[in-house]
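If you want the building blocks of each chain, they are given just below.
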Amino acid sequence: MEDIFNKIEEIAFKIDNLIKTGESGYSDSSNATGDTQLKLDIKSDEIIEDVFKSVPQISAIISEEKEDKLELHKNGEYIVCYDPLDGSSIVDYNLSVGSIFGIYKGGLEAKDLVASVYIVYGPRVEMIKTIKGSKPKHYRVVKEKFEYISEVSMDSKGKLNAPGATQKNWYPHHKELIESLFQEGYRLRYSGGMVPDLHQVMLKGGGLFSYPGTTDKPKGKLRMLFEVIPFALCFIEAGGDAIDDKGNSLLSIKPEHLHDTTPCFFGSKYEIDKVKEAYSV
């Protein structure tokens, strides 16, 4: 997998440059789930596809911006699922965004994920790399290369609360959960970018990031293969937890289609126990 990791670093520099110099704004096309694509989404996807074409270990790639799997190398053993530029709609407001990569071997279920990587493009470019069975590793760009910072470990209880989805469409039990955390003194941290918000929760030791099912989107909005499962590996290996609204580990879910979504909760053990209590699971 080392070649894949090296290529992800190359991709990170190219997308960071694109964010700083490329054309933003909406395109005339939509992605597989009907979201209008930004020009940065399309160009980021093209960058990743072009780089991964040179990696013989990759059999296929699956992008949030593409309808179907793209076959690359017949003898490759890994499938890489990725969100090229998560949070692209907030680039115009100069907020942090990111890229997410899930590396699967043998299939496309959560159990087949062997590693995940995400990049944060902000005031500093940072990377979290997680290999199944080991602590996430934190890297930062220093003098035009990624330098290792430390392993990432989460506390059993955090202080941050990052609640996603449109509040007017929350179910009552979810609203009560979020309000109860604020009553305990949790601080609101939500930018509209999944990558920077989860990055902050994890690096600050813990808390809760939630993107629930709602009255208008009962199955949630976040995609299993590209976003949810890769981040679940990070949180669980760091000592936290990640579950759906039924209390199932997000590392046990089985997507039926490439672009399936799920309600999801990421946090420290304490906050995830609170979710289970609120959802009666």
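The structure under discussion appears in the preceding block.
In what follows, the accompanying structure is described. Residue numbers here run from 1 along each chain, matching the order of that chain's written sequence. It should be noted that, the model being predicted, local features are given only for residues of pLDDT at least 70 and side-chain atom pairs only at 80 or more, the latter also being counted only at that level, while totals for whole chains, interfaces and linings use all residues. To obtain the side-chain values, all non-hydrogen atoms of the structure were used and water was disregarded.

### Looking at the packing of aromatic side chains
What counts, and what does not: Side-chain rings of Phe, Tyr and Trp, where Trp is taken by its six-membered ring, are said to pair if the distance between their centres is within 6.5 Å; with planes under 30 degrees apart they count as stacked, over 60 as edge-to-face, and otherwise as tilted. Helix and strand definitions here come from DSSP, where helices need a minimum of 4 consecutive H or I residues and strands a minimum of 2 consecutive E residues; each element is numbered from the N-terminal end. Whether a residue is buried, partly exposed or exposed follows from its accessible area with a 1.4 Å probe, protein chains only, as a fraction of its type maximum: under 20%, in between, or over 50%, in that order.
If you walk through the whole model with that rule in mind, you get eleven aromatic pairs. Ring centres 5.2 Å apart and planes at 65° place the aromatic pair Phe 265 and Tyr 279 in the edge-to-face group. Of this pair, Phe 265 sits in strand S15 (residues 264–267) while Tyr 279 sits in the segment after helix H6 (269–278); the two residues are 14 residues apart in sequence, bridging distant segments of the chain. Residue class for Tyr 279 comes out buried when judged on its relative accessible area of 13%.

### Brief notes about the nonpolar core
Cut-off, in case you're wondering: Joining through side-chain atoms within 4.5 Å is the link that ties buried Ala, Val, Leu, Ile, Met, Phe, Trp, Tyr and Cys residues into a set, and such a set is a nonpolar core.
Grouped together as the largest cluster of nonpolar side chains are 43 residues, with contacts concentrated most on Met 202, Phe 231 and Phe 266. For this core, the leading source of residues is helix H5 (residues 224–237), giving ten residues. Listed in part, the 33 residues of the second largest apolar core include Ile 15, Leu 18, Ile 19 and Val 97.

### Notes on the side chain of His 259
Selection rule: Residues adjacent in sequence count toward polar contacts only when both atoms are side-chain atoms; beyond that, a polar contact is any pair of N or O atoms within 3.5 Å, and within protein one must be able to donate a hydrogen and the other to accept it.
Of note, His 259 is situated in the loop between strand S14 (241–243) and S15. Under the relative-accessibility criterion, His 259 is labelled buried at 13%. For His 259, the side chain forms a polar contact with the main-chain oxygen of Glu 67, separated by 3.4 Å.

### Structural notes on the sheet that holds S15
Within a sheet, adjacent strands bond to each other through the backbone by hydrogen bonds, running parallel or antiparallel. Cut-off, in case you're wondering: Any two strands with at least two DSSP-identified bridges between them are counted as paired. Only heavy atoms matter for contacts: two residues are in contact if any of them lie within 4.5 Å across the pair. Lines fitted to C-alpha atoms define the axes here, with helix axes fitted over just the stretch in contact, and angles between the N-to-C directions of these axes take values from 0 to 180 degrees.
Taken together, five strands build an open sheet; the order of strands is S12-S11-S13-S15-S14 and the sheet is mixed. Across the chains shown, the open sheet's two edge strands, defined by having one partner strand only, are strand S12 (187–188) and S14. Pairing between strand S13 (residues 207–211) and S15: four bridges, direction antiparallel. Considered in S15, the bridge of Ser 210 is made with Phe 265. Where helix H4 (residues 194–203) meets the sheet, it contacts strand S11 (160–163), S13 and S15, and its direction lies at approximately 155° from that of S13.

### Some points on the pattern of salt bridges
For clarity, the cut-off: A pair is scored as a salt bridge if a Lys or Arg side-chain nitrogen falls within 4 Å of a carboxyl oxygen belonging to Asp or Glu.
Inspection of the entire model under this criterion finds 14 salt bridges. Within this structure, Asp 45, Glu 49, Lys 53 and Lys 66 form a network of salt bridges that share partners.

### Brief notes about a positive patch on the surface
Test applied: A residue counts toward a patch only above 30% relative accessible area and without a salt bridge, and it is joined to like-charged neighbours within 9 Å or, for Val, Leu, Ile, Met, Phe, Trp and Tyr, to nonpolar neighbours within 5 Å. The Shrake-Rupley method, run with a 1.4 Å probe sphere, supplies the accessible areas, and residue values consider only the shown protein chains as cover. The charge count includes Lys and Arg as positive and Asp and Glu as negative, but it does not include His or the ends of the chains. Charged side chains are reduced to one point each, which is NZ for Lys, CZ for Arg, CG for Asp and CD for Glu.
On the surface, a cluster of positive charge is contributed by Lys 157, Lys 159, Arg 187, Arg 189 and Lys 204. For Lys 157, the location among the structural elements is in the loop between strand S10 (145–151) and S11. For Lys 157, a relative accessible area of 39% gives the class partly exposed.

### Considerations on the packing of helix H3 (residues 172–183) against H6
To keep it simple, the criterion reads: In a left-handed crossing the near helix is turned counterclockwise from the far helix by less than a right angle, and in a right-handed crossing that turn is clockwise. Side-chain classes are defined by residue name, with Ala, Val, Leu, Ile, Met, Phe, Trp, Tyr, Cys and Pro counting as nonpolar, Asp, Glu, Lys and Arg as charged, and the others, Gly among them, as polar.
Where H3 meets H6, the closest approach of the two axes is 9 Å, and the angle between their N-to-C directions is 145°. Regarding H3 and H6, the two cross each other, and that crossing is right-handed. Of H6, the residues touching H3 (which contributes His 173, Leu 177, Ser 180 and Leu 181) are Lys 274, Val 275 and Ala 278. Considered class by class, the residues forming the contact of H3 with H6 number four nonpolar, two polar and one charged.

### Observations concerning the sheet that holds strand S8 (residues 125–131)
The mixed open sheet is built from eight strands, whose spatial order is S4-S3-S5-S6-S7-S8-S9-S10. In the strand order of this sheet, the two ends are held by strand S4 (70–71) and S10, each with one partner. When strand S5 (residues 78–86) meets strand S6 (residues 97–104), the two strands line up antiparallel, connected through six bridges. What sits directly across from Asp 83, in S6, is Ile 100. Against the sheet, helix H2 (residues 39–52) makes contact with strand S3 (58–63), S4, S5 and S6, and its axis sits at roughly 155° relative to S5, the strand it touches most.

### What about the packing of H4 against H5?
Note the threshold: Throughout, the term roughly parallel applies to angles under 35 degrees, roughly antiparallel to angles over 145, roughly perpendicular to angles from 65 to 115, and oblique to all others.
Between H4 and H5, whose axes approach to 12 Å, the crossing angle comes to 15°. As far as their axial angle goes, H5 and H4 are roughly parallel. For the pair H4 and H5, the sense of crossing is right-handed. Residues Met 194, Val 195, Leu 198, Val 201 and Met 202 of H4 pack against Glu 227, Val 228, Phe 231, Cys 234 and Phe 235 of H5.

### Re unusual backbone geometry
One non-glycine residue with positive phi stands out, namely Lys 143, at about 55°. Mapped onto the elements of the fold, Lys 143 is located in the loop between strand S9 (137–142) and S10. Although it is not a glycine, Ala 165 sits at a positive phi angle of roughly 80°. With respect to the helices and strands, the residue Ala 165 is situated in the loop between S11 and H3.

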